[in-house]
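What follows is each chain in one-letter form.
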2 protein chains.
Amino acid sequence: MDQTDRTILSMLQKNADVPGKVVADAIGLSVSAVERRISKLKQDGTIEKIVAVVSGKAVGRGLTILVELEIQNEHRHTLDQFQRWLDRASEVQSCWYVTGDVDFVLLVAVRDLDEYNQFIERMMNDQQAIVRKYKSLIALKTVKRSLELPTDR
Amino acid sequence: MDQTDRTILSMLQKNADVPGKVVADAIGLSVSAVERRISKLKQDGTIEKIVAVVSGKAVGRGLTILVELEIQNEHRHTLDQFQRWLDRASEVQSCWYVTGDVDFVLLVAVRDLDEYNQFIERMMNDQQAIVRKYKSLIALKTVKRSLELPTDR
DNA sequence: TTTCTGACGCGGATTATCCGCGCATTCGGA
DNA sequence: TCCGAATGCGCGGATAATCCGCGTCAGAAA
């Protein structure tokens, strides 16, 4: 993982829909050298996957809400079970177990408040033994939306 | 945007590193029909981009922190300026302007607490006229991490 | 019914990727 | 110092994927 790899990663995080030739020209390497590096980065898990980023509005999921959760108890089994539930919930894009007053933060994408309400009710019903309370932070504006990581230094 | 398009989007959000043939076989369409649909979805902005998802650990940015911000005032000019700053901050992966007690939520990826502290100091220094207070929610575990949207219904 | 539109499958032309080869550089022991 | 082993490179042919024009067909509108 040298500087060349980092440059490649930086490019592919912005746009992975690019022929090797373009990357090769940008960094002054042959096409096959670039291909070999990319396939190695995929192999060793540095590149986890290549995905399409879809417009929420275009598929009718334009409403983003951050949900802060407090849970009843933090026993191992309870946590595991709840996390599996979250993982299967299609409304939940991302989810973190965090320090502080709240226990979980969810990033939820839904069509509208009605669908959000259905999600919350489903969660409070399915997981009533676990979830104590929740707080909704409705996104009025998504300033930035990516999973891009800086690769420098 | 019919059910076929939705199926394609669902597949490409999980893995866009797939030849058209695979998608075509999965949905029972010819390769060229699939290619035409995909290129149309890119054209009209439904597919915003194709990106590589990189492992934070692999590039030394394994620490994820959610930051809740309260700002001094919500005048248009102030907000715009601050949002431009956030957009340029490489540590900030995502950022939402939200309803409720807090004004912004940032998703930040850094190497360690030291680097996080540097980021916070830089923000509080550069944007001292804007940011009133912040609260850090350190991710002990990332349960789920994607921008994937459900396409059904 | 006729016409128009849009999406389809087919298949050849073009591009891109995969991969083996030989070469240059680097890095550790003898 | 000298000499293998390992690593990464560029080249170029084989393979695979994409691009694109053509003719066809089904559904909507005249």
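Residues numbered from 1 in each chain as written. Chains lettered and ligands numbered in written order. Predicted model: local features only at pLDDT ≥ 70, side-chain atom pairs only at ≥ 80, totals over all residues. Heavy atoms only, no water.

Comments concerning the overall build of chain A
Helix and strand content of chain A: 5 helices and 5 strands. A globule of 153 residues ought to have a C-alpha radius of gyration of about 15 Å, yet chain A, at 20 Å, is considerably larger. In chain A, buried positions account for 48% of the 153 residues. Of all intrachain contacts in chain A linking residues separated by at least 6 positions in sequence, the fraction that spans at least 24 positions is 65%. (Helix = DSSP H or I, 4+ residues; strand = E, 2+ residues; numbered from the N terminus. Rg over C-alpha atoms; globule rule 2.2 N^0.38 Å. Buried < 20%, exposed > 50% of the residue type's maximum accessible area, 1.4 Å probe, protein only. Contact = heavy atoms within 4.5 Å.)

Concerning the pattern of salt bridges
Residue and element names in this part refer to chain B. Per the counting criterion, the structure on display carries 24 salt bridges over all chains. For arginine 76, the salt bridge is made with aspartate 80, and the minimal N-O distance between the two is 3.3 Å. Of this pair, arginine 76 and aspartate 80 both sit in helix 4 (residues 76-88), 4 residues apart, which is roughly one turn of that helix. (Salt bridge = Lys/Arg side-chain N within 4 Å of Asp/Glu carboxyl O.)

Concerning the relation of the copies chain B and chain A
Mapping between the two chain copies consists of a rotation about an axis together with a translation along that axis. Mapping chain B onto chain A leaves a residual RMSD of 0.0 Å; the transformation is a rotation of 180° accompanied by 0.0 Å of translation along its axis. This pairing of chains is accounted for by a two-fold axis. The C-alpha atom lying nearest the rotation axis in chain B is that of valine 51 of chain B; the distance is 2.8 Å. When the interface residues of chain B are mapped onto chain A, 100% of them are again interface residues, pointing to one common binding face. (Least-squares fit on C-alpha atoms with pLDDT ≥ 70 in both.)

Some details on the domain arrangement of chain A
Under the domain assignment used here, chain A contains domain 1 (3-43) and domain 2 (63-138). Taking only C-alpha atoms, the centre of domain 1 of chain A and the centre of domain 2 of chain A are 38 Å apart. (Domains from an automatic or database assignment.)

Re the protein's contact with DNA strand C
Surrounding DNA strand C, one finds Pro19, Gly20, Ser32, Glu35 and Arg36 of chain A together with Leu29, Ser30, Ser32, Ala33, Arg36, Arg37 and Lys40 of chain B. The sugar-phosphate backbone supplies 47% of the atoms of DNA strand C found within 4 Å of the protein. In this structure, a phosphate oxygen belonging to DNA strand C sits 2.3 Å away from a side-chain N or O atom of serine 30 of chain B. Lysine 40 of chain B places a polar side-chain atom, nitrogen or oxygen, 3.4 Å from a phosphate oxygen of DNA strand C. Contributions of two or more residues to the surface near DNA strand C are made by helix 3 (31-43) of chain A together with helix 3 (31-43) of chain B. Counting residues per element, the surface near DNA strand C draws most heavily on helix 3 of chain B, at 5 residues. Looking at the surface near DNA strand C residue by residue, the class counts come to 3 nonpolar, 4 polar and 5 charged. (Near = heavy atom within 4 Å. Polar contact = N/O pair within 3.5 Å; in protein donor to acceptor, adjacent residues only side chain to side chain. Nonpolar A, V, L, I, M, F, W, Y, C, P; charged D, E, K, R; others polar.)

Points about the sheet that holds strand 2 (residues 63-71) of chain A
Within the closed barrel, the 8 strands sit side by side as 2(A)-4(A)-3(A)-5(B)-2(B)-4(B)-3(B)-5(A). Their pairing is antiparallel. Mean inter-strand twist for the sheet, computed between neighbouring axes without regard to direction, equals 35°. Two elements, strand 2 (residues 63-71) of chain B and strand 4 (residues 104-110) of chain B, share 7 bridges in a ladder whose sense is antiparallel. When the sheet's bridge partners are listed, glutamate 68 of chain B is paired in strand 4 of chain B with valine 105 of chain B. Running at roughly 95° to strand 5 (residues 131-144) of chain B, helix 4 (residues 76-88) of chain A makes contact with strand 2, strand 3 (92-98), strand 4 (104-110) and strand 5 (131-144) of chain A together with strand 5 of chain B of the sheet. With respect to the sheet, helix 4 of chain B is in contact with strand 5 of chain A together with strand 2, strand 3 (92-98), strand 4 and strand 5 of chain B, its orientation differing from that of strand 5 of chain A by roughly 95°. (Pairing = 2+ DSSP bridges. Axes fitted to C-alpha atoms, helices over the stretch in contact; angles between N-to-C directions.)

What about the protein's contact with DNA strand D?
Every residue lining DNA strand D is accounted for by Leu29, Ser30, Ser32, Ala33, Arg36, Arg37 and Lys40 of chain A together with Pro19, Gly20, Ser32, Glu35 and Arg36 of chain B. Near the protein, within 4 Å, the atoms of DNA strand D are sugar or phosphate in 50% of cases. Between DNA strand D and serine 30 of chain A there is a distance of 2.4 Å, counted from a phosphate oxygen to a side-chain nitrogen or oxygen. Elements supplying a minimum of two residues to the surface near DNA strand D: helix 3 of chain A together with helix 3 of chain B. Sorting elements by how many residues they give to the surface near DNA strand D places helix 3 of chain A first, with 5 residues. Partitioning the surface near DNA strand D into residue classes produces 3 nonpolar, 4 polar and 5 charged.

Comments concerning the interface of chain B and chain A
Taken together, the 69 residues of chain B in the interface contact 69 residues of chain A. Both sides together, the interface formed by chain B and chain A hides about 6500 Å², and carbon and sulfur atoms give 56% of it. Looking only at chain B, the three residues that lose the most surface to chain A are Trp96, Lys144 and Leu147 of chain B, adding up to 12% of its buried area. Ionic pairing is found between lysine 135 of chain A and aspartate 101 of chain B, a salt bridge with its closest N-O pair at 3.3 Å. At the junction of chain B and chain A, the tally comes to 47 residue pairs in polar contact (both at pLDDT 80 or more). (Buried area = accessible area lost by both parts, 1.4 Å probe.)

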